[in-house]
Amino acid sequence: MNSQEAKEILVFYRPGSADEHDPEFAEALALSKSDADLGRWLQDQIAVHQALRSRFQEIPVPPGLKEQILSERKAHIATAPRLQRRAVLLATVVAGVFVLLAVTSFYFRPHKGDSLAEFRGRMAEITLRAYPKMDLETNDLTQIRQFLANKQAPGDYVVPPALAKASGTGCAILKWRGHPVSMICFNSGKNTDPSEPSDLFLFVIDRTVVAGAPEAGAAQFAQLNRMGTVTWSAGDKTYVLGGYGNEAFIRQYF
Amino acid sequence: MSHIDERGGAPAGLDFETLVERYYRSLYQFGFSLTQSESDACDLTQQTFYIWATKGHQLRDVSKVKTWLFTTLHREFLEHRRKQTRFPHYELSQVNCELPQISPARINQLDSGHVLHALARVDQVYQAPVALFYLEEYSYKEIAEVLEVPMGTVKSRIARGIAQLQKLLASSGAADQARKESRE
């Protein structure tokens, strides 16, 4: 093995890992101890590797992510049918259940409402997980509207009159299934944390994108963890308004 | 209808909370390396554990849990990206190991954001292997399993990827130095 061949092997060498005991590296490492140039080259490579490795491992993990994962799982378990957790019982009636499922899957096959729940849940998640990052921070609602329209996100939305009385704080453009979603943020005035002033979030998306969007005049209220939400459609848009509070809180702005 | 059991789909001896505690950070960091987006990385991490909760019970070899989770996150990322481009597979012998001259001191001046910004400019096919190379003490066999490509392909991608990454970091360092000198 010459020095060049050793370099071609040692470029993959990671000190402190399983590589140290990998026989593939043994001969090249031995050569690096007798070849001074190769030894210096290897020491440089190791130092660069360790510096880069540190940078990768410093990637900050958002606070609350673990709790979000665990709470979602609990929610799924809570909604799972009891029979589903009792495989033994299921086995005894599998034929009957099969027929039942066939019949019910025909009548209750996935319909448009599934998509709406997913959209609403995903939007709520964004604001519940951590204070959302805004693309534009301003209390000028006209500027927000222009910014969104310029970025090809829904900008011709209608803000409920009660919500329009709250102070705007900014906006962001999100994506849902590849479609732009405008998030307009407001401060109800009841929030006491000056560093995170927004506590009301209006999400606007093209109505045709969300299967099962409510009909006009048929708003739907739903509580998602600590966030109250109301969902409605008007014109060619579907709206979700979420706020840190219960249904009574969110009704004040709808 | 998906199956979710009390252990969150885990094989015997592994409960969901322990798995989350053990792996959510490294999964998120891998997801963030691929997407450069906090929101997307969170979604990928959550989706990975959701899939584990629904399908994890199918895994019989408990020792493969970590690889299974990383493979699932990577699959979800690829599914999300839906990139159809076919990438050439290079044999190891074709790889040139000549790395650009960059000092550890230069890298220590950078934060992880700079390094990830450079990674985002590396050819996409090399990004995941490079991230796994630096993030985790995986063996090359395990990286090949996670990415579902042959080991020779993984090695060539890592070699090319780290060469591109270091070249980008070196050139950005040279540009910073030139700017500094012109100000002086």
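So, a few notes on the structure that sits alongside this text. Owing to the predicted nature of the structure, the values given are computational and were not obtained by experimental measurement.

1. A look at the interface of chain B and chain A
Taken together, the contact pairs 57 residues of chain B with 41 residues of chain A. When the two sides are added together, the surface that chain B and chain A hide from each other amounts to roughly 4,600 Å², 64% of it contributed by carbon and sulfur. Joining chain B to chain A, the criterion identifies 3 salt bridges. When the shortest N-O distance is used, the salt bridge between K66(A) and E21(B) registers 2.5 Å. Run the count over chain B and chain A and you get 9 residue pairs in polar contact (both at pLDDT 80 or more). When residues of the side of chain B that touches chain A are traced back to their parent elements, those giving at least two are helix 1 (16-35), helix 2 (38-55), helix 4 (104-108), helix 5 (112-121), helix 6 (124-135), helix 7 (140-147) and helix 8 (151-183) of chain B. It is helix 1 of chain B that contributes the most residues to the side of chain B that touches chain A, 10 residues altogether. Of the residues assigned to the side of chain B that touches chain A, the class counts are 32 nonpolar, 13 polar and 12 charged.

2. Details of the packing of helix 6 of chain B against helix 7 of chain B
All names here are of chain B. At a minimum axis separation of 11 Å, helix 6 and helix 7 run at an interaxial angle of 140 degrees. In terms of axis orientation, helix 6 runs oblique to helix 7. The two elements helix 6 and helix 7 meet at a crossing, and its hand is right-handed. In this structure, helix 6 contributes A128, P129, L132 and F133 to the contact, and helix 7 contributes Y140, I143, V146 and L147. Among the residues making up the contact of helix 6 with helix 7, the classes are represented as 8 nonpolar, no polar and no charged.

3. Some thoughts on the packing of aromatic side chains
This model, assessed by the stated rule, comprises 16 aromatic pairs over all chains. Between F70(B) and Y138(B), the ring centres sit 5.5 Å apart and the planes meet at 85 degrees, which makes this aromatic pair edge-to-face. Of this pair, F70(B) sits in helix 3 (residues 65-81) while Y138(B) sits in the loop between helix 6 and helix 7, and the two are 68 residues apart along the sequence. Of the residues examined, F70(B) reaches a relative accessible area of 0% and is grouped as buried. On the accessibility criterion, Y138(B) (2% relative accessible area) is buried. Stacked on the ring of Y140(B), the Lys or Arg R14(A) has its end atom at 4.5 Å from the ring centre. Here R251(A) stacks its cationic end above the ring of F221(A), 3.8 Å away from the centre of that ring.

Rules used in this analysis
- Residues numbered from 1 in each chain as written.
- Chains lettered and ligands numbered in written order.
- Predicted model: local features only at pLDDT ≥ 70, side-chain atom pairs only at ≥ 80, totals over all residues.
- Heavy atoms only, no water.
- Contact = heavy atoms within 4.5 Å.
- Buried area = accessible area lost by both parts, 1.4 Å probe.
- Salt bridge = Lys/Arg side-chain N within 4 Å of Asp/Glu carboxyl O.
- Polar contact = N/O pair within 3.5 Å; in protein donor to acceptor, adjacent residues only side chain to side chain.
- Helix = DSSP H or I, 4+ residues; strand = E, 2+ residues; numbered from the N terminus.
- Nonpolar A, V, L, I, M, F, W, Y, C, P; charged D, E, K, R; others polar.
- Axes fitted to C-alpha atoms, helices over the stretch in contact; angles between N-to-C directions.
- Parallel < 35°, antiparallel > 145°, perpendicular 65-115°, else oblique.
- Left-handed = near helix turned anticlockwise from the far one by under 90°.
- Phe/Tyr/Trp six-rings, centres within 6.5 Å; stacked < 30°, edge-to-face > 60°.
- Buried < 20%, exposed > 50% of the residue type's maximum accessible area, 1.4 Å probe, protein only.
- Lys NZ or Arg CZ within 6 Å of the ring centre and 35° of its normal.

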